[in-house]
Amino acid sequence: TRQVVSKVAEQRVTNLMIHILIGLSLAVGSVVNNVPKAVTFGIFLVMGFSSLSGNQLFERVWLWTIWDRSAYPRFRFVTRVPFKSLHKYTAIQFACFIVLYI
């Protein structure tokens, strides 16, 4: 049998808390100015590296290091697209990414 959603409970607490925290960050700007830039750069660097896992572009770039195609992970974007097209698209997208940040 197929289950159907019968009702949805709305909650607006998350949106309210996000906006309260944004307002608080404006209020504590003088405290944030005392944090060294190296600390904030380090935090953003860690956040950036932690978000790379699960990013489809970087997972496809990682496929360039695997020479045996039978060892490729069974992701949907790997099994449904021909390998030549997959690598060509990845190369174009990665080149655009590099151009964007140079």
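Details of the structure are given in the entry above.
Note that the structure is predicted; figures quoted are calculated from it, not measured. (Residues numbered from 1 in each chain as written. Predicted model: local features only at pLDDT ≥ 70, side-chain atom pairs only at ≥ 80, totals over all residues. Heavy atoms only, no water.)

A. Representation of the overall build of the protein in the model. The helix and strand tally for the protein stands at six helices and zero strands. Listing every helix and strand of the protein by position from the N terminus yields α-α-α-α-α-α. Taking the principal axes of the C-alpha coordinates as reference, the protein spans close to 55 × 50 × 20 Å. Sorting the 102 residues of the protein into buried and exposed places 10% on the buried side. Of the contacts made within the protein by residues no fewer than 6 positions apart, 48% connect residues no fewer than 24 positions apart. For the protein, the accessible surface area stands at approximately 9,200 Å², while carbon and sulfur atoms represent 67% of it. (Helix = DSSP H or I, 4+ residues; strand = E, 2+ residues; numbered from the N terminus. Buried < 20%, exposed > 50% of the residue type's maximum accessible area, 1.4 Å probe, protein only. Contact = heavy atoms within 4.5 Å. Areas by Shrake-Rupley, 256 points an atom, 1.4 Å probe, with all protein chains shown as cover.)

B. Representation of the packing of aromatic side chains in the model. Under the counting rule described, the total for this entry stands at five aromatic pairs. Their ring planes at 90° and their centres at 6.0 Å tell us that Trp 64 and Phe 94 sit as a pair that is edge-to-face. You can see Trp 64 sitting in the loop between helix H4 (56-62) and helix H5 (76-79) and its partner Phe 94 sitting in helix H6 (residues 83-101), a full 30 residues away along the chain. For Trp 64, a relative accessible area of 33% corresponds to the partly exposed category. A centroid spacing of 6.1 Å and a plane angle of 25° characterise the contact between Phe 94 and Phe 97, whose relative ring orientation is stacked. Linking Phe 94 with Phe 97, this pair stays in helix H6, spanning three residues, or about one helical turn. Overall, Phe 94 belongs to the partly exposed group, its relative accessible area being 23%. Feature note: the residues Phe 58, Trp 64, Phe 94, Phe 97 and Tyr 101 constitute an aromatic cluster, connected by ring pairs. (Phe/Tyr/Trp six-rings, centres within 6.5 Å; stacked < 30°, edge-to-face > 60°.)

C. Representation of the side chain of Arg 60 within the structure. Tracing the chain through its elements places Arg 60 in helix H4. With residues up to four places along the chain from it excluded, the contact list for Arg 60 reads Phe 77, Leu 86, Tyr 89, Thr 90 and Gln 93.

D. Structural view of helix H3 (residues 37-50). Along its 14 residues, H3 runs 20 Å from first to last C-alpha, staying within 8% of the 20 Å computed at 1.5 Å per residue. For H3, the tally of buried residues reaches only zero of 14 residues, placing the bulk of the element at the surface. (Expected span 1.5 Å × (residues − 1).)

E. Representation of the environment of Thr 79 within the structure. The topology assignment puts Thr 79 in helix H5. Since its relative accessible area comes to 45%, Thr 79 is described here as partly exposed. Engagement of the side chain of Thr 79 in a polar contact is seen with the backbone oxygen of Arg 76, the distance being 3.4 Å. (Polar contact = N/O pair within 3.5 Å; in protein donor to acceptor, adjacent residues only side chain to side chain.)

F. Geometry of the nonpolar core. Core analysis: the biggest nonpolar cluster contains five residues, these being Leu 63, Tyr 72, Phe 77, Val 78 and Leu 86. If sequence neighbours within four positions are ignored, Leu 86 has contacts with Arg 60, Leu 63, Phe 77 and Val 81. (Core = buried A, V, L, I, M, F, W, Y, C linked by side-chain atoms within 4.5 Å.)

G. View of a nonpolar patch on the surface. A cluster of nonpolar side chains, Val 13, Leu 16, Met 17, Ile 20, Leu 21 and Leu 24, forms an exposed patch at the surface whose accessible area comes to about 550 Å². Mapped onto the fold, Met 17 is located in helix H1 (residues 13-27). (Patch = residues over 30% accessible without salt bridge, like charges linked within 9 Å, V, L, I, M, F, W, Y side chains within 5 Å. Salt bridge = Lys/Arg side-chain N within 4 Å of Asp/Glu carboxyl O.)

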